[in-house]
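# Observations on the three-dimensional arrangement
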Amino acid sequence: MLRFANPEYLYFLIIIPILIVINILMDFRQKRKLKAYGDPNLMKQLMPDFSALRLNSKLLLTIGAFAAVCLMMARPQAGTTIDNSEREGIETIICMDISNSMLADDIQPSRLQKSKMLVSRLVDSFKDDKVGLIVFAGDAYTQLPITADFVSAKMFLDEIDPSLIQIQGTDIQAAINLATNSFTQQENVGKAIIVITDGENHEGGANEAAKDAAKKGMHVYVMGVGSEEGAPFKVPGENDYKRDEEGNIVVTRLNPEMCKEIAQAGEGAYIHVDNTNSAQDALEKELNKLAKAQLNITNYSEYDEQFWVFGLIALLFLVIEVVLMEKKNPLFKNISLFKR
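Predicted model only: the values in this text are computed from it and were never measured.

## Looking at the pattern of salt bridges
This model, assessed by the stated rule, comprises 9 salt bridges. Residue Arg-75 is joined to Glu-305 by a salt bridge in which the shortest nitrogen-to-oxygen separation is 2.4 Å. Of the two residues, Arg-75 sits in the loop between helix 3 (52-73) and strand 2 (76-89) while Glu-305 sits in strand 11 (residues 293-305), which places them 230 residues apart along the sequence. A relative accessible area of 27% places Glu-305 in the partly exposed class. Residue Lys-292 pairs with Asp-129 through a salt bridge whose shortest N-O separation is 4.0 Å. With a gap of 163 residues between them, Lys-292 in the loop between helix 9 (278-287) and strand 11 and Asp-129 in the loop between helix 4 (111-125) and strand 4 (130-136) connect regions that are remote in the sequence.

Pasting the structure below:
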């Protein structure tokens, strides 16, 4: 199993297509300048040693070295020791609301950040269990399939942001339905669906989805994040608060009654998340009530650093780029790249 200890450095790979586009534009500009000096065929005869192939090869080597450095900084790690074992635990799918209203700061530092901290501590408390992550707003997507790799779970948790889903809303029904189909097929094991939301812009159908999950032996717990007094929130990428059509600032409020109805339909419990840590203790008590069963768990107990491999690749590319001349090899001087 391969993972990255610092995946944020992979974002630098976005620079590569930008460099390619810049090189294409510069090449086009250079060709236009050469045409201004005279006939292209005559210019080729005046530059018999010019090699477009070598010039492009040097560019590709430079880009390859840059990509290798980015991968090296991301610290790729490979699992070397695989531990297959059976342990007693439960399965938990966490559905996290990432709609823009979760950016409100009536819960410090914000509803979303508080939720992420809660999940992080919950994952730390897991021992022989399995966990999966689903994010939802106007739609729902699997962020992390159910696993016993808690390190990866926390890495994926760090990447959660409202920008992951462009469709705004709070489709709790879609999140619960997706969670219902995300568990393993193992029977006689406690299965919990934890929905973390402020209940804003509810799309409907969540009660029915929770009832269906309960019929299949899954308990639905709803963590209501926010306050009934509410708070405004800023739209990502803008410096102003969210406003309605009349220009009034929108105040997002927790909908506890709706959250309680969903939890009751899912034979679970409603827990209010405020600025204290009481929600953490309450949730753990509820999960401890679930039946534990023997789970087949595969753990990669040791991870070896593999960054040196990409470091060597980057060094090799740079050495070749420096040694490779832009002119044709004298051994092939009489071979013209411009011949058709």
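## Overview of the pairing of strand 3 (residues 91-97)
Counting buried positions over the 7 residues of strand 3 gives 7, a clear majority of the element. Taking every second residue as pointing to the same face, both faces of strand 3 are buried, with Glu-91, Ile-93, Cys-95 and Asp-97 on one and Thr-92, Ile-94 and Met-96 on the other. Direction of pairing for strand 3 relative to strand 4: parallel, over a ladder of 7 bridges. What sits directly across from Asp-97, in strand 4, is Phe-136. Handedness of the crossover joining strand 3 and strand 4 through helix 4: right-handed. Direction of pairing for strand 3 relative to strand 6 (residues 191-197): parallel, over a ladder of 6 bridges. Opposite Glu-91, over in strand 6, you have Lys-191 as the bridge partner.

## Some details on the nonpolar core
In this structure, Met-223 and Leu-287 are the most contacted members of the largest nonpolar core, which totals 35 residues. For this core, the secondary-structure elements that each account for two or more residues are strand 3, helix 4, strand 4, helix 5 (150-158), strand 6, strand 7 (218-225), strand 10 (270-273) and helix 9. Ranked by the residues each element gives to this core, the list is headed by helix 4, at 5 residues. In this structure Met-223 touches Leu-118, Ile-194, Val-195, Ile-196, Thr-197, Ile-271, Val-273, Ala-279 and Leu-283, once residues within four positions along its chain are discounted. Within the second largest apolar cluster, 27 residues are counted, among which are Phe-183, Ala-210, Leu-254 and Ile-262.

## Some thoughts on the sheet that holds strand 6
Taken in spatial order, the 6 strands of this open sheet run 5-4-3-6-7-10, and their pairing is mixed. Looking at which strands have only one partner, the edges of the open sheet turn out to be strand 5 (140-147) and strand 10. In this sheet, neighbouring strand axes are inclined to one another by 15° on average, regardless of whether the strands run parallel or antiparallel. Relative to strand 5, strand 4 runs antiparallel, the two sharing 5 bridges. Note that in strand 5 the partner of Val-131 across the bridge is Thr-147. Strands strand 6, strand 7 and strand 10 of the sheet are contacted by helix 8 (residues 256-265), whose axis makes an angle of about 170° with strand 7.

## Some thoughts on the packing of aromatic side chains
Evaluation of the coordinates by the stated rule reveals 2 aromatic pairs. Ring geometry for Tyr-9 against Phe-12: centres 6.2 Å apart, planes inclined by 25°, an arrangement best described as stacked. Residue Tyr-9 is classed as partly exposed on the basis of its relative accessible area, which comes to 31%. Phe-12 gets classed as partly exposed once you look at its relative accessible area, which sits at 40%.

## Quick look at unusual backbone geometry
The omega angle of the peptide bond from Gln-108 to Pro-109 is 0°, so this bond is cis rather than trans. Tracing the chain through its elements places Pro-109 in the loop between strand 3 and helix 4. Its identity is not glycine, yet Asn-188 carries a phi of approximately 60°, on the positive side. Relative to the elements of secondary structure, Asn-188 occurs in the loop between helix 6 (172-180) and strand 6. According to the relative accessible area criterion, Asn-188 is exposed, its value standing at 69%. With a phi close to 55°, Glu-267 is a non-glycine residue in the positive phi region. Mapped onto the secondary structure, Glu-267 falls in the loop between helix 8 and strand 10.

So, how was this worked out
Residues numbered from 1 in each chain as written. Predicted model: local features only at pLDDT ≥ 70, side-chain atom pairs only at ≥ 80, totals over all residues. Heavy atoms only, no water. Salt bridge = Lys/Arg side-chain N within 4 Å of Asp/Glu carboxyl O. Helix = DSSP H or I, 4+ residues; strand = E, 2+ residues; numbered from the N terminus. Buried < 20%, exposed > 50% of the residue type's maximum accessible area, 1.4 Å probe, protein only. Pairing = 2+ DSSP bridges. Right-handed = clockwise from strand over helix to strand, strands pointing away. Core = buried A, V, L, I, M, F, W, Y, C linked by side-chain atoms within 4.5 Å. Contact = heavy atoms within 4.5 Å. Axes fitted to C-alpha atoms, helices over the stretch in contact; angles between N-to-C directions. Phe/Tyr/Trp six-rings, centres within 6.5 Å; stacked < 30°, edge-to-face > 60°.

Interpretation in functional terms is not warranted from these geometric data alone.
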